[in-house]
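Listed here are the chains, written in short residue letters.
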Amino acid sequence: MKIEENLRLSLLFELYKNLLTDKQREVLSDFLDNNISLSELAELNNSSRQAVNDLVKRTIKLLEEYESKLNLLDKFQKIRKVINNCSLMIEKNSINSSILKKELNNILEVL
């Protein structure tokens, strides 16, 4: 799995993990956050590698479905970008109140 994809899935997991079952949450956390292999997960869960692989794939698909409907990650990333822009303006002491106000209004639009 590519680093960017893993990061995206980890963010989706953080946003939507409370919508998952305990088993989905446990296995995906071990897979994404603890970097436990499918074989190791199968052994830990007294299951086959294929069953764990199917569970991981189904859970990832579910996270993607949640994101396609709710767009929380997209909104989060837009807000983070605006906040970073505001922080840079403050650091550089180049605060233009009209630009800052516009950036903050961008946050409100996303929300």
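Residues numbered from 1 in each chain as written. Predicted model: local features only at pLDDT ≥ 70, side-chain atom pairs only at ≥ 80, totals over all residues. Heavy atoms only, no water.

Asker: Sorry if this is basic, but what is going on with the packing of aromatic side chains here?
Answerer: In this description, a pair of aromatic rings is defined by centroid distance and the angle of the planes. Counting across every chain of the model gives one aromatic pair. On the numbers, 5.7 Å between centres and 40 degrees between planes, the contact of Tyr16 with Tyr66 is tilted. Taken together, the residues span a long stretch of sequence, with Tyr16 in helix α1 (residues 3-16) and Tyr66 in helix α4 (residues 49-70) at a distance of 50 residues. With a relative accessible area of 1%, Tyr16 lands in the buried category. (Phe/Tyr/Trp six-rings, centres within 6.5 Å; stacked < 30°, edge-to-face > 60°. Helix = DSSP H or I, 4+ residues; strand = E, 2+ residues; numbered from the N terminus. Buried < 20%, exposed > 50% of the residue type's maximum accessible area, 1.4 Å probe, protein only.)

Asker: What should I look at first to understand the side chain of Gln24 in this one?
Answerer: Of note, Gln24 is situated in helix α2 (residues 22-32). Owing to a relative accessible area of 15%, Gln24 belongs among the buried residues under this scheme. Setting aside anything within four residues of it in sequence, one finds Gln24 in contact with Leu55, Thr59 and Leu62. (Contact = heavy atoms within 4.5 Å.)

Asker: In this structure, what is going on with the packing of α1 against α4? I would like to understand it.
Answerer: The relative placement of two packed helices is expressed as an angle between their axes plus a distance between the axes. Contact pair α1 / α4: the axes reach a minimum separation of 10 Å and the direction vectors enclose 70 degrees. If you check the angle between α1 and α4, you find them roughly perpendicular. Residue-level inspection shows Arg8, Leu9, Leu12, Phe13 and Tyr16 of α1 in contact with α4, the latter providing Ile60, Leu63, Glu64, Tyr66, Glu67 and Leu70. Counted by class, the contact of α1 with α4 contains eight nonpolar, no polar and three charged residues. (Axes fitted to C-alpha atoms, helices over the stretch in contact; angles between N-to-C directions. Parallel < 35°, antiparallel > 145°, perpendicular 65-115°, else oblique. Nonpolar A, V, L, I, M, F, W, Y, C, P; charged D, E, K, R; others polar.)

Asker: Before we go on, may I ask you to explain the pattern of salt bridges in this structure?
Answerer: A side chain of one charge can pair with a side chain of the opposite charge when the charged atoms of the two come close. In this structure the tally under the stated criterion is four salt bridges. A salt bridge links Lys78 to Asp74, with the shortest nitrogen-to-oxygen separation between them at 3.4 Å. With Lys78 and Asp74 both in helix α5 (residues 72-91) and four residues apart, this pair spans about one turn of that helix. (Salt bridge = Lys/Arg side-chain N within 4 Å of Asp/Glu carboxyl O.)

Asker: Got a minute to help me understand a nonpolar patch on the surface in this structure?
Answerer: Taken together, the side chains of Leu15, Leu19, Leu70 and Leu72 present a nonpolar region at the surface, about 320 Å² in accessible area. With respect to the secondary-structure elements, Leu72 resides in helix α5. (Patch = residues over 30% accessible without salt bridge, like charges linked within 9 Å, V, L, I, M, F, W, Y side chains within 5 Å. Areas by Shrake-Rupley, 256 points an atom, 1.4 Å probe, with all protein chains shown as cover.)

Asker: Looking at this model, I keep getting lost on the nonpolar core. Mind explaining?
Answerer: In a soluble, globular protein the nonpolar side chains are often hidden away together inside. Within the largest apolar cluster, 19 residues are counted, with the highest numbers of intra-cluster contacts made by Leu28, Phe31, Val52, Val56 and Leu63. When contributions to this core are tallied by element, the ones reaching two or more residues are α1, α2, α3 (38-44) and α4. No other element matches the five residues that α4 contributes to this core. When residues no more than four places from it in sequence are discounted, the contact partners of Leu28 are Phe13, Asp33, Val56, Thr59, Ile60 and Leu63. One finds Val82, Cys86, Met89 and Leu100 within the second-largest nonpolar core, a separate group that totals six residues. (Core = buried A, V, L, I, M, F, W, Y, C linked by side-chain atoms within 4.5 Å.)

Asker: Just to check I follow, could you spell out α4 for this structure?
Answerer: Within an α-helix, residues lying three or four positions from one another point in the same direction, as the helix has 3.6 residues per turn. For α4, which comprises 22 residues, the first-to-last C-alpha distance of 31 Å matches the rise-based estimate of 32 Å (1.5 Å per residue) to within 8%. Listing the buried residues of α4 in full gives Val52, Asn53, Leu55, Val56, Thr59, Ile60, Leu63 and Glu67. The buried side chains of α4 occupy one side of the element, clustering within an arc of 160 degrees when seen end-on. Of the exposed residues in α4, the ones pointing more than 90 degrees away from its buried face are Lys57, Arg58, Lys61, Ser68 and Lys69. In this structure, the buried side of α4 is in contact with α1, α2, α3 and α5. Once α4 finishes, Asn71 follows within two positions and takes phi at roughly 55 degrees, a positive value. (Expected span 1.5 Å × (residues − 1). Arc of directions from axis to C-beta.)

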